[in-house]
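Structural features, examined
Residues per chain are reported as follows:
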Amino acid sequence: MKALIIAAGKGTRLRMLAKDRPKPLVRLLGLSLIERVILTARESGINEFVIVIGYLGDKIKEKLGDGRDYKVKIEYVENEEWERGNGVSVLKAKKHFKENFVLLMADHIFDASILKRLKKIDLNENECILVVDKSPQEYIDLGDATKVKTKDGYIQDIGKKIKDYNCIDCGIFFLSPSVFKALEESIEHGDETLSGGIRVLARKGKMKSFDVNDNFWIDIDTVSSYKAAEKILCKRLLKKTDGPVSRYLNRPLSIRISKILVRFNIKPNLISLISFGISFLAFLLFCLGDYLYVATGGILSQISSIVDGCDGEVARLKFQGSKYGAWFDAVLDRYADALIILGMVYGWWSIHSEVCIWIVGFFAMMGSFMNSYTAIKYDEVLLRKRENVRVGKDLRLFLIMVGALLGQIYYTLFVLGVLTNFVSLRRIFLLKKYKEVLNE
């Protein structure tokens, strides 16, 4: 399936951010708006795009090229009449679409799950679908939004000034080629907007609505909506499986760091290596045993925990996530866990010469490994429904920092050994009820 993206307009209300670029190239957390649209659509399984360009269109072509860098195929249609209504831009691409297609706006950011759901619909001949929002969030500018009136799943009317509306146009369409004939009819009667063509189809009973439900979308048309989009995308970086330390301490700090990192060409795997490097430095300091070195090692352990969140955040913000990257990060995390605990054990033993520290350290290391291993299936099955406090790497490293600052390495390792092994055994007991899921 192909997607058509309208990117011809000037976008005067975002000129402060756009400067000498066209609006679709305004950057949001490391990617331009149109890159986000393309990569979101790619995530839903769409790999072919036709982009209608107009104002400063050459800069868009220069940025995106043929799509090879994004693992998609891109064709361009030039609209020299870009100052006319957006319906004209859609009509310019008529010859590229003989089958059903998706129509997207270059400045509308949305969740890929919307397109995934939309593509599953079996569209009847000559019918079209508009995605609508029946319960728009507070960040949606209702004054500027295109209003839609629907009844029994069909659109009755659409426009910015209609009063008896019951939902909002999300700027996402699933269209049949019949839309081009409707646009020609609308333009012939003096209405050059896309909404004009939709009204023509609505009068013929051919325009369906599709509720966005709770999925995220936003039209970035002003500076305030731009800031809202940035805030929402950052908030969506939070995970259901985040422990208390991660949620309330690490994540607020790592997101601030990630907002800086996305401006540069830094890959998530490199961030994983940097986090591991900090952990290795902590290991060396722990080995020295003296309080000042140990306390510094504890602080570095916590810093590595914060930085460790940045790789996934950058990956999600820039659509660079991969199964290998997640696995690579997990492997480095286990090495980091082992080194930090080994450094704590060796440093304490080098000063106190008590053999029992090696036994305590062994149980702390074993518990940390099993804690991470059991969490994979536990999170998948129970999604933290049973745990009020999730014991994960964030909490373990925070306890290590506190113990190091207090100079209580032995008791810190003892607590880690008891806590992590108890949690792992508890998970084994709870997951016994879900054997069928574990066998999948």
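Overview of the structure. Source: prediction; values computed, not measured.

With that settled, consider the overall build of the protein chain. The number of helices and strands found in the protein chain is 16 helices and 13 strands. Each principal axis of the C-alpha distribution contributes one length, and for the protein chain these read about 90 × 50 × 35 Å. Taking all 440 residues of the protein chain together, 52% fall into the buried category. The long-range share in the protein chain, meaning contacts at least 24 apart out of those at least 6 apart in sequence, stands at 75%. Each charge class in the protein chain can be summarised by its mean position, and for the 66 positive and 52 negative side chains these summaries are 3 Å apart.

With that out of the way, let us pick up the packing of aromatic side chains. Each aromatic ring pair is summarised here by two numbers: the centre-to-centre distance and the angle between the ring planes. With the rule as written, the count across this model stands at 12 aromatic pairs. Seen in terms of ring centroids, Tyr55 and Trp82 are 5.2 Å apart; in terms of plane orientation they differ by 55°. Their pairing is tilted. Within this pair, whereas Tyr55 is found in the loop between strand E4 (48-53) and helix H3 (57-64), its partner Trp82 is found in the loop between strand E5 (73-78) and helix H4 (86-92), the two being separated by 27 residues in sequence. Of the residues examined, Tyr55 reaches a relative accessible area of 16% and is grouped as buried. Ring geometry for Tyr324 and Phe328: centres 5.9 Å apart, planes at 15°, overall stacked. Remark: Phe328 and Tyr324 occur in helix H12 (residues 323-352); sequence separation between them is 4 residues, near one turn of the helix. You can call Tyr324 partly exposed: its relative accessible area is 49%. The buried category is assigned to Phe328, whose relative accessible area is 17%. Clustering of aromatic rings is evident, with ring pairs tying together Phe97, Phe101 and Phe180. Of note, Lys2 hangs over the ring of Phe97, and the distance from its end group to the ring centre comes to 5.9 Å.

Here the focus is the pairing of E4. Burial within E4 is extensive, with 5 of its 6 residues counted as buried. Strand direction decides the pairing type here: strand E1 (residues 2-7) and E4, joined by 6 bridges, are parallel. Its bridge partner being in E4, Leu4 is matched across the sheet by Val50. Relative to E5, E4 is paired through 6 bridges, and the arrangement is parallel. By the bridge assignment, Glu48 is partnered in E5 with Lys73. In terms of handedness, the path from E4 via H3 over to E5 forms a crossover that is right-handed.

The rules behind these values
Residues numbered from 1 in each chain as written. Predicted model: local features only at pLDDT ≥ 70, side-chain atom pairs only at ≥ 80, totals over all residues. Heavy atoms only, no water. Helix = DSSP H or I, 4+ residues; strand = E, 2+ residues; numbered from the N terminus. Buried < 20%, exposed > 50% of the residue type's maximum accessible area, 1.4 Å probe, protein only. Contact = heavy atoms within 4.5 Å. Lys, Arg positive; Asp, Glu negative; His and termini not counted. Charge placed at Lys NZ, Arg CZ, Asp CG, Glu CD. Phe/Tyr/Trp six-rings, centres within 6.5 Å; stacked < 30°, edge-to-face > 60°. Lys NZ or Arg CZ within 6 Å of the ring centre and 35° of its normal. Pairing = 2+ DSSP bridges. Right-handed = clockwise from strand over helix to strand, strands pointing away.

Honestly, it's all geometry; don't read function into it.
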